[in-house]
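Working through the structure, step by step
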Amino acid sequence: MPNLKISKYENEIIKDLQELIKIQSLEGTEKPNMPFGEKINEALEFVLNKGKDFGFKTKNVDGYTGYVEAGKGSHMIGILCHVDVVPAGEGWKHPPFEGIIENGKIFGRGSVDDKGPIISILYSMKMLAENNLIGEDNKIRLILGTAEETSWGGIKHYLKNEEIPDVSFTPDANFPVICGEKGLLDFDLKMNFTNKSNGNSISVIEITGGESRNSVPSKCSAILSVPTDKKQHLKEKVQDFNNTYDYKIKAKYNDKNVEIQSIGKTAHGANPEEGINAISYMIQFLNSLDLSNNDITIFIKEYCELVGLEYNGESLGCDFKDDISGKSTLNIGTIKLDNKSILLKCNLRYPISINYNSIIDSINNNLKNSPLKYFEFEHIKPIYFPKEDELIKIMMKAYREVTGDFESQPIVIGGATYARALPNTVAFGPVFPWQKELAHQINEYISIDDLMKITEIYTKALYLLCNN
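One structure accompanies this document, and this report is about it.

1. Here we look at the overall build of the protein chain
Secondary structure assignment for the protein chain yields 10 helices and 24 strands. Dimensions along the principal axes, computed over C-alpha positions, put the protein chain at roughly 80 × 45 × 45 Å. Here the protein chain holds 468 residues, and 58% of them are scored as buried. Restricting to contacts in the protein chain with at least 6 residues of sequence separation, those with at least 24 account for 77%. A total of about 19700 Å² of accessible surface is found on the protein chain, and carbon and sulfur atoms cover 44% of it. For the protein chain, the distance from the average site of its 52 positive side-chain charges to the average site of its 64 negative ones is 3 Å.

2. Brief notes about the packing of helix H5 (residues 231–245) against helix H6 (residues 278–286)
Contact pair H5 / H6: the axes reach a minimum separation of 10 Å and the direction vectors enclose 130°. Here H5 lies oblique to H6, going by the angle between them. Our pair here, H5 against H6, has a crossing hand that is right-handed. Contacts between H5 and H6 involve Leu234, Lys237, Val238, Phe241 and Tyr245 from the first element and Tyr281, Gln284 and Phe285 from the second. Its residues placed into classes, the contact of H5 with H6 shows six nonpolar, one polar and one charged.

3. Here's the deal with the pairing of strand S2 (residues 65–70)
Of all six residues in S2, six are buried; the element is thus mostly enclosed. Sheet topology note: the strand S1 (residues 57–61)/S2 ladder contains five bridges and is antiparallel. If you follow Asn60 over to S2, its bridge partner there is Gly66. Linking S1 to S2, which pair antiparallel, is a turn of three residues; within it Asp62 sits at a positive phi near 60°. With five bridges connecting them, S2 and strand S6 (residues 138–145) associate as antiparallel partners. Bridge pairing in S6 links Tyr67 to Ile143.

4. Let's talk about the packing of aromatic side chains
Here a ring pair, both rings aromatic, is described through the centre-centre distance and the interplanar angle of the planes. On inspection of all chains with the given rule, the structure shows 22 aromatic pairs. Note on Tyr9 and Tyr123: the rings are 5.6 Å apart at their centroids and 50° apart in plane angle, and the pair reads as tilted. Here the residue Tyr9 occupies a position in the segment before helix H1 (10–21), and Tyr123 occupies one in helix H3 (residues 115–130), the gap between them amounting to 114 residues. When the ring of Phe241 is compared with that of Tyr247, the centres are 6.3 Å apart and the planes differ by 85°; the resulting orientation is edge-to-face. Looking at Phe241, the relative accessible area reads 4%, which means it is buried. Linked through ring pairs, Phe169, Phe175, Tyr399, Phe428, Phe432, Trp434 and Tyr458 together constitute an aromatic cluster. Lying across the ring of Phe54, Lys126 places its NZ or CZ 4.5 Å from the centre.

5. A look at the environment of Ile332
Tracing the sequence through the fold places Ile332 in strand S17 (residues 329–337). For Ile332, a relative accessible area of 2% puts it in the buried group. In sequence terms Ile332 and Gly275 are 57 residues apart; their C-alpha atoms lie 12 Å from each other. Those residues in contact with Ile332, other than ones at most four positions away along the chain, are Pro217, Asn277, Ile279, Tyr303, Val307, Leu344, Lys345 and Cys346.

6. As for the sheet that holds strand S4 (residues 101–102)
Ordered in space as S4-S5-S24, the three strands form an open sheet in which the pairing is antiparallel. Two strands bound the open sheet, and with one partner strand each, they are S4 and strand S24 (445–447). Sitting on the sheet, helix H10 (residues 448–466) is in contact with S4, strand S5 (105–107) and S24, with an inclination near 75° to S24.

7. What about the side chain of Glu302?
When you line up the elements, Glu302 lands in helix H7 (residues 295–306). For the buried Glu302, no salt bridge exists, and the shortest N-O distance to an oppositely charged side chain is 9.2 Å, to Lys373. If we skip the residues at most four places from it in the chain, Glu302 touches Ser370, Pro371 and Leu372.

Basis of the calculations
- Residues numbered from 1 in each chain as written.
- Predicted model: local features only at pLDDT ≥ 70, side-chain atom pairs only at ≥ 80, totals over all residues.
- Heavy atoms only, no water.
- Helix = DSSP H or I, 4+ residues; strand = E, 2+ residues; numbered from the N terminus.
- Buried < 20%, exposed > 50% of the residue type's maximum accessible area, 1.4 Å probe, protein only.
- Contact = heavy atoms within 4.5 Å.
- Areas by Shrake-Rupley, 256 points an atom, 1.4 Å probe, with all protein chains shown as cover.
- Lys, Arg positive; Asp, Glu negative; His and termini not counted.
- Charge placed at Lys NZ, Arg CZ, Asp CG, Glu CD.
- Axes fitted to C-alpha atoms, helices over the stretch in contact; angles between N-to-C directions.
- Parallel < 35°, antiparallel > 145°, perpendicular 65-115°, else oblique.
- Left-handed = near helix turned anticlockwise from the far one by under 90°.
- Nonpolar A, V, L, I, M, F, W, Y, C, P; charged D, E, K, R; others polar.
- Pairing = 2+ DSSP bridges.
- Phe/Tyr/Trp six-rings, centres within 6.5 Å; stacked < 30°, edge-to-face > 60°.
- Lys NZ or Arg CZ within 6 Å of the ring centre and 35° of its normal.
- Salt bridge = Lys/Arg side-chain N within 4 Å of Asp/Glu carboxyl O.

Below you can see the structure in the form of structure tokens.
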């Protein structure tokens, strides 16, 4: 590939990413031609308009998805990205939707996942087109998802209505290249309450926490009814728990009730061990109290037995592992409890070689005597490419030629990327092997140096795919 001067577009790349970060593209209320809300539509239109400015073909597909296309050949190379983001959460050093630059880093929700790569790909396409390097037989299509963090509704609509690329990658994971992704099982655990007696002990009125099943919850709150003679007991238990677990349980007292706050640490649901689950710690704390003998208390004890503080799902029967992809991970993402029922939204990532039916049988066996009932929400099968696969080899070549890193090898992840949606598709970047994962976390950022480096890598990869 000719030596392209990617650096000449550095200022434009930075500015465009900042503008895209400023769009708070969280899923919202459906409106006409905006199935996922105004902000996601605004982000979609921003990228499509940028593609038009570059002279590329663009299409908005019913507000569900869209694409930017360069080249006119029949062989299609796809890049699958998404404009939506997860909620920002609390505790940022800079406002999460402003794209502020500090010490060469662009801070903002989506800077890594997935807005930085979108801007990078747009400029990779621009440079290849300007230098006539796409080839007469090829076309490159940047496909824009709109609900990747939730239902995948955008990409599902694309698959039903648009042409499928011959080969694709999605810049929504790690370098050097993802050769496999664990299976993903989203499910709910529910229980209805009939015995609501409170007695003279502490009673739980409600519990709420978490924002999505694929993020470790950083905050959980509970409202308690506490008899006067139990308030000292509660104060002592708060202090004891925080000392024992080195944790942050806070109690706010008022005339009628007491509000309990559990403060954890968010992380991607695929890596729950990197976070601190505020829901699990809240339930663990509540289980230490002198609670009323009712169904809510039964649920709390059941949670501690089946989940506890685990993140591999051992007690629930989800503790599987293999040599290819390691152990299962289990994340309890949200909780909603009132005097009628409890709903837990759960996210399980299981090893590539494990049979789905074996998992279901194991969970059901562990729940057979439990008042908690299992309801499947969504199942996505694992994917795997041998390291000798031609697509894997091409991506490794692009990565190695740009970075000089010949030690890192293809990896398996727990994340669920768009690579599962299309055939002959792998996840490729943008996080380097030596970097900490910042997607879904507070203070998400991408450095300007890395932004330019991934642009160089994606330009090389697209060139190789056009000329292989």
